[in-house]
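Understanding the architecture of this molecule
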Amino acid sequence: MDQQQFGNIKSSTTTHCRVDLLDYIYRNIEKRKTSVPLTFVDFRKAFHLVHHTTVITKAINLQLYPSLVSWLSNFLSHRSQVVRHQGATSPPQHLTCGVPKGTRMGSLCFVMLINDAMTDTSARWKYVDNTTLAATINNDNPDYSHLQLLHDRLHTWTTDNKVTLNTNKTTVMHIHTSSDTVPPPCVSIDGRPLQVVQSVKLLGLTIDNKLTCCQHVSSLITSATYRLHLLRRLKKLETPVRELASVYSTFILPRLTYASPTWSSSLNAIQHRQLERVQKRAVRLIPSRDRLHNLPGGPPRPAPHHPSGPPPTPPPAIRHQATPPPTTQNFARPSSSPSPPQCPTPQQAAPHTSAQRQIQEKCNTNNSENPQHIGTLLLG
């Protein structure tokens, strides 16, 4: 398979394709008086006009197993389609070209179809039906003949493989960051001049001819602000906090961080604040004290303790000041009898007689347990 094909390849994403393209651009514009013109190729109805015989021939040239070739031939042959409208069904129409769009096999068939397209140049990038061509130009003497030669080869390949180009959507963008005035490229395909644009959207990323992120950040803020309305409506409906956080992390946050390795390094301070402001507005719509636990990247929520697991670590002991011992209660007799002797406290002077020492010991032992017993002992 073509090494510059990034679509439908294991461990390959659109970010890999854009990073490789931007690396080529930056490495060349860093050279003195050098600019890079890009051609963004658009195939007309790419999946609907795939020639079945051409795809099967490409599969044989790739030396696939005969059983796989037979299976592919059976998948593409004898296909038909009907149209249903308001309960009425049209007669079946036999299909001589095209593959089912949205299926895994349909994308693989198109990848095999364009596998050998523009393999004579290294400045090519493919992602299924998205193809980009590039060249380097000297600003002092701009010569676009090399780029025009690539267009002629592309037109020859499309004719041989029964693929049609959409020249109305195929555009050219000239990337240069110098202050010198460079004439725009005047190139064509099949005698039809191509439109020169100042910016283009490639695989979800808006690229301009100065390699700034102004238009891309503006589109991100507009899209994210529109989706914040969904979060507001759900909040008014008293949606649980966990579901609000799930909506934010599913519909808003991926839109703001999509393909961030290719454009985040080009942001300035103002663009940083603009993107951060959108995220803060979204977070404020989640009414919860522990919303940080619900958002991605937040601190983990402590796991609950289960009886079968290890016991939790006890909190550290808190030292308190020693409380003074309780004072003894006075047990009153009728007014006609004299008042009984009081049980001495530890703060009083030590007793002198043996009887007093015995009473003192019993008072200290049973003072906090049974005060009535102490009164009975004293009165007995």
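In case you missed it, the structure is sitting above this.
The present account deals with the structure reproduced in this document. Quick caveat: nothing in here was measured; it's all calculated off a predicted structure.

1. Focus on the packing of helix 6 (residues 214–236) against helix 8 (residues 269–284)
Between helix 6 and helix 8, whose axes approach to 10 Å, the crossing angle comes to 10 degrees. In terms of orientation, helix 6 and helix 8 fall into the roughly parallel class. Taken together, the residues of helix 8 that come into contact with helix 6 (itself represented by Cys214, Val217, Ile221, Ala224, Thr225, Leu228, Leu231, Arg232 and Lys235) are Gln271, Gln274, Leu275, Val278, Arg281, Ala282 and Arg284. A per-class count over the contact of helix 6 with helix 8 returns nine nonpolar, three polar and four charged.

2. Some words on the environment of Thr239
Relative to the helices and strands, Thr239 resides in the loop between helix 6 and helix 7 (241–257). Separated by 47 residues in sequence, Thr239 and Ile286 have C-alpha atoms that sit 9.7 Å apart. The residues contacting Thr239, other than those within four sequence positions of it, are Leu234 and Leu244. Reaching out from Thr239, the side chain makes a polar contact with the backbone oxygen of Leu234 at a distance of 2.6 Å.

3. Brief notes about helix 4 (residues 104–113)
Of all the ten residues making up helix 4, eight are buried; the element is thus mostly covered by neighbouring parts of the structure. Those residues of helix 4 not exposed but buried are Met105, Gly106, Ser107, Cys109, Phe110, Val111, Met112 and Leu113. Considering only its buried residues, helix 4 is in contact with helix 2 (52–61), helix 3 (66–76) and helix 5 (145–160).

4. A few points about unusual backbone geometry
Even without glycine at this site, Met118 takes up a positive phi of about 55 degrees. Residue placement: Met118 occurs in the loop between helix 4 and strand 6 (124–127). Overall, the relative accessible area of 6% leaves Met118 in the buried class. At Lys162, a residue that is not glycine, the phi angle is positive and equals roughly 55 degrees. Within the fold, Lys162 resides in the loop between helix 5 and strand 9 (171–175).

Quick notes on the rules
Residues numbered from 1 in each chain as written. Predicted model: local features only at pLDDT ≥ 70, side-chain atom pairs only at ≥ 80, totals over all residues. Heavy atoms only, no water. Axes fitted to C-alpha atoms, helices over the stretch in contact; angles between N-to-C directions. Helix = DSSP H or I, 4+ residues; strand = E, 2+ residues; numbered from the N terminus. Parallel < 35°, antiparallel > 145°, perpendicular 65-115°, else oblique. Contact = heavy atoms within 4.5 Å. Nonpolar A, V, L, I, M, F, W, Y, C, P; charged D, E, K, R; others polar. Polar contact = N/O pair within 3.5 Å; in protein donor to acceptor, adjacent residues only side chain to side chain. Buried < 20%, exposed > 50% of the residue type's maximum accessible area, 1.4 Å probe, protein only.

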